[in-house]
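# Notes for the structure review
Listed below, chain by chain, are the residues.
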Amino acid sequence: MAIELTQSYKLANQLYDVSLKADVLVIGGGPSGAWAAITATQNGASVILVDKGYCGTSGATAPSGSGVWYIQPDKEKREEAMNSREALGGYLSERKWMKRVLDRTYENMNQLEKWGYPFPVDENGVAHKRSLQGPEYMRLMRRKLNKAKITILDHSPALELLYDSHGVAGAAGINEQTSQTWSVQASSIVIASGGCAFLSKALGCNVLTGDGYLLASEAGADFSGMEFSNAYAITPKFSSITKTAFYNWASFTYEDGSIIEGAGSQRGRSVIAKKLQEGQKVFAQLVKVKDDLDLQKWMRIAQPNFFVQFDRMGINPFEDRFEVTLRLEGTVRGTGGIRIVDETCATSVPGLFAAGDAATREMICGGFTGGGSYNAAWAISSGYWSGEAAAKYASSFNRDKRDRALTRRHVIGINEHSIGKDFLDAAEVTKRVQAEVTPFEKNLFRTEEILTPSLLRLNSLWNESKTSLQENQGNLLRVRESVAMLATSRWMYTTALERRETRGMHKRLDYPVLDENQHYRLITSGLDEIKVKPTTLYQNT
Ligand SMILES: Cc1cc2nc3c(=O)[nH]c(=O)nc-3n(C[C@H](O)[C@H](O)[C@H](O)COP(=O)(O)OP(=O)(O)OC[C@H]3O[C@@H](n4cnc5c(N)ncnc54)[C@H](O)[C@@H]3O)c2cc1C
């Protein structure tokens, strides 16, 4: 009887079922990856894009509607747009980057219109480009990827990066549907695999487990803003739809109908968290729109999927109260991620670029959530810049070097040999990580007293995983996801302990005020031993 080789064994021994080559490899096919891939081909590169799901339907944007930071090139309007969140973000954003993103987003949204995106048009014939419907947007992007003859590997998560003497040289992974292993040789790589929501079941986020962070860190890249990774979103208790913008029109009440003072969507989420922590039920109602039928109509057009959940339950959210909870969205609507070292969205590893939620968004959002319009604009702009730069990097390679001998590095979870009977299971690692990152009392209301033992548990889980985490009946993807979430949680908490102040969405109960002396970014590096160091902001002009 023939012995079937495990995926782990095949990857560890580089026995790939499929081996491909391209100038540029894009990992992740959300908006940032799609923009990166299209722009790279426009700059003359051959491109392969791999996605964990089906590109066009996977990730945070695909099932949702996105507000976009699309502002007319009018001095006053742009000034107002930049001003609007500087204080909320703890003054860690930079005008120079904001201006670039506003310009690039404006250009690319206009490009989307030319490509046929059906923006709503008002009675004067003016198209409104401040939001995008995820399904339509991503369907259009998939069409453009196909038209550009980009090879797409769907259901094909990247599980590790590959290297040669020049540095990063590609990636390897599996196809979840065929169980085949694949490798892609490339001269440059764009990591566009989204953020990390720790499998909290927020809509569109369960593919977002920090995989790209792990790959980048294994290659030697570092991170910025990992303390700003504790986003919790409001959601009806019975649903996974975490669309929060409309809760700006909500009132929040106790079970008996009395108002919860201070509760709110933008500044009062902590109050909601406190009530939930106390075991109270929290109810919402979009009462401030109750009598405005025009606005209700607009809301339904702007975010249809927000209403599907209520319509199915027979709830009118403008008239009825419904129970809500908070769901962790981690870095998807936080702002931390892979550090960007220059305007091309390069990382600190030559040939490795980062885009979208995989990258830090501090330059435009500072330390306060990038959701609401900034993240979508960043995905568009950073996707464009990283794709352009990755193509240029690839073309600068001597063509003789195209046949490169790819090697791998030992990474946690991909083992040549089976480890033994008492192995650690991916589900167990995931459960233990979630136990540290989900509770408000640890991740939202932070104190040294609580974070330190939590981090010690995570660090010891890391050491345990190094020796005993392994594939169990073909769950290699789950294994690598659990490693990625574990690593992300350690970067988060190590950095959170270093920022001894309250800034942006990082709340330290033991240091409750913003400290002018800590007006810097925190750069986090390392896998086994994590180091955090402050760095100054870019020129703020
Ligand atoms: C409910 C919700 C509403 C939001 N609304 C707004 C809004 O109104 N405005 C705004 O600015 N932002 C909003 N955001 C944030 C916004 O959706 C994200 O910033 C945006 O999707 C980021 O794009 P991305 O391409 O970087 O990541 P994603 O869209 O998340 O795509 C990441 C892709 O990478 C793939 N992937 C992951 N791991 C791997 C791997 N190992 N190998 C290969 N592929 C992989 C995934 O399958 C996915 O397709 C919202 C987020 C949520 C969850």
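Residues numbered from 1 in each chain as written. Predicted model: local features only at pLDDT ≥ 70, side-chain atom pairs only at ≥ 80, totals over all residues. Heavy atoms only, no water.

### Thoughts on the sheet that holds strand β9 (residues 223-224)
Judged by pairing direction, the sheet is antiparallel, and its four strands sit side by side in the order β14-β9-β17-β18 without closing on themselves. The sheet is open, and its two edges are formed by β14 (337-338) and β18 (531-535), each paired on a single side. Judged from the two bridges that link them, β9 and strand β17 (residues 521-525) form a sheet pairing that is antiparallel. Within β17, the position partnered with F223 by the bridge is T524. (Pairing = 2+ DSSP bridges. Helix = DSSP H or I, 4+ residues; strand = E, 2+ residues; numbered from the N terminus.)

### Section: helix α9 (residues 304-313)
Side chains that are three or four residues apart share a direction in an α-helix, a result of its 3.6 residues per turn. Taken residue by residue, α9 has N305, F306, F307, Q309 and F310 as its buried positions. One or two steps after α9, the chain reaches G314, where phi turns positive at roughly 70 degrees. (Buried < 20%, exposed > 50% of the residue type's maximum accessible area, 1.4 Å probe, protein only.)

### A look at the pairing of strand β8 (residues 181-191)
Burial of β8 is extensive: 11 of the 11 residues sit out of reach of the surface. Note: strand β1 (residues 18-27) against β8, nine bridges, orientation parallel. Residue pairing for β8: L25 is matched across the bridge by I189. Examined bridge by bridge, strand β7 (residues 167-174) and β8 share five bridges and lie antiparallel to one another. Across the sheet, the residue bridging to A171 is V184, located in β8. Adjacent in sequence and paired antiparallel, β7 and β8 are bridged by six residues, among which S179 carries a positive phi angle near 65 degrees.

### A look at the site of the ligand
The local shell around the ligand holds 41 residues, among which D51, S58, T61, G67 and A376 are the closest. Within the backbone of G372, one N or O atom sits 3.3 Å away from a nitrogen atom of the ligand. At 3.2 Å from an oxygen atom of the ligand is found a main-chain nitrogen or oxygen belonging to N375. Compared with its free state, where it exposes 1000 Å², the ligand has 99% of that area covered by protein. For the shell around the ligand, the elements supplying multiple residues, two or more each, are α2 (31-42), β3 (65-67) and α11 (374-395). Here the element with the most residues in the shell around the ligand is α11; it accounts for four residues. (Near = heavy atom within 4 Å. Polar contact = N/O pair within 3.5 Å; in protein donor to acceptor, adjacent residues only side chain to side chain. Areas by Shrake-Rupley, 256 points an atom, 1.4 Å probe, with all protein chains shown as cover.)

### Considerations on the nonpolar core
Counting residues in each nonpolar core, the largest one holds 115 residues, and the members touching the most others are W69, L161, Y247 and W378. Per-element accounting of this core gives the leading share, 13 residues, to helix α15 (residues 476-498). With sequence-adjacent residues up to four places away left out, W69 is seen in contact with A81, M82, M98, V101, L102, T105, S373, Y374 and A377. (Core = buried A, V, L, I, M, F, W, Y, C linked by side-chain atoms within 4.5 Å. Contact = heavy atoms within 4.5 Å.)

### Re the pairing of strand β6 (residues 158-164)
Counting buried positions along β6 yields seven of seven residues, so the element is predominantly enclosed. Pairing of β6 with β7, which is carried by six bridges, proceeds in the antiparallel orientation. Bridge pairing links L161 to A171 in β7. With two bridges joining them, β6 and strand β16 (residues 407-408) adopt antiparallel strand pairing. Counterpart to Y163 in the pairing with β16 is T407.

### A few points about the layout of surface pockets
Counted as a void, the second largest pocket has a volume near 160 Å³. Lining the second largest pocket are E4, L5, T6, Q7, K10, S179, E471 and G474. Looking at the lining of the second largest pocket, its residues break down into one nonpolar, four polar and three charged. (1 Å grid on protein atoms, 1.4 Å probe; cavity = no way out; pocket = protein on both sides within 12 Å on 5 of 7 lines; lining within 4 Å. Points joined across faces, edges and corners; volume = space filled by probe spheres on them. Nonpolar A, V, L, I, M, F, W, Y, C, P; charged D, E, K, R; others polar.)

### A closer look at the packing of helix α12 (residues 426-437) against helix α14 (residues 448-468)
Running from amino to carboxyl end, α12 crosses α14 at an angle of 165 degrees, the nearest separation of the two axes being 10 Å. Regarding the angle of α12 to α14, the classification is roughly antiparallel. Taken as a pair, α12 and α14 cross one another with a handedness that is left-handed. Contacts between α12 and α14 involve V429, R432, V433 and E436 from the first element and S454, R457, L458, L461, E464 and S465 from the second. Looking at the contact of α12 with α14 residue by residue, the classes come out as four nonpolar, two polar and four charged. (Axes fitted to C-alpha atoms, helices over the stretch in contact; angles between N-to-C directions. Parallel < 35°, antiparallel > 145°, perpendicular 65-115°, else oblique. Left-handed = near helix turned anticlockwise from the far one by under 90°.)

### Here we look at the environment of T467
Structurally, T467 is set in helix α14. Distance from T467 to H166, taken between C-alpha atoms, is 30 Å for residues 301 residues apart in sequence. A polar contact is formed between the side chain of T467 and the backbone oxygen of E464, at a distance of 3.2 Å.

### Focus on helix α7 (residues 269-277)
Among all positions in α7, only S270, I272, A273 and K275 are buried. Tucked inside the fold, the buried residues of α7 contact β10 (231-236), β11 (251-253), β12 (282-285), β13 (322-330) and α13 (440-443).

### Some details on the sheet that holds β13
The strand order across the open sheet built from four strands is β10-β13-β12-β11, with neighbouring strands paired in antiparallel fashion. On the outer flanks of this sheet lie β10 and β11, each paired with one strand and no other. Between one strand and the next, the sheet's axes are offset by a mean angle of 45 degrees, whatever the strand orientation. The sheet contact formed by β12 and β13 spans three bridges and is antiparallel. Residue pairing across strands places V282 opposite V324, the latter belonging to β13. Lying over the sheet, α7 contacts β10, β11, β12 and β13, oriented at roughly 110 degrees with respect to β13.

### Digging into unusual backbone geometry
With a phi close to 55 degrees, Y91 is a non-glycine residue in the positive phi region. Taking the relative accessible area as the measure of exposure, Y91 reaches 47% and is therefore partly exposed. Its identity is not glycine, yet S179 carries a phi of approximately 65 degrees, on the positive side. A relative accessible area of 40% places S179 in the partly exposed class.

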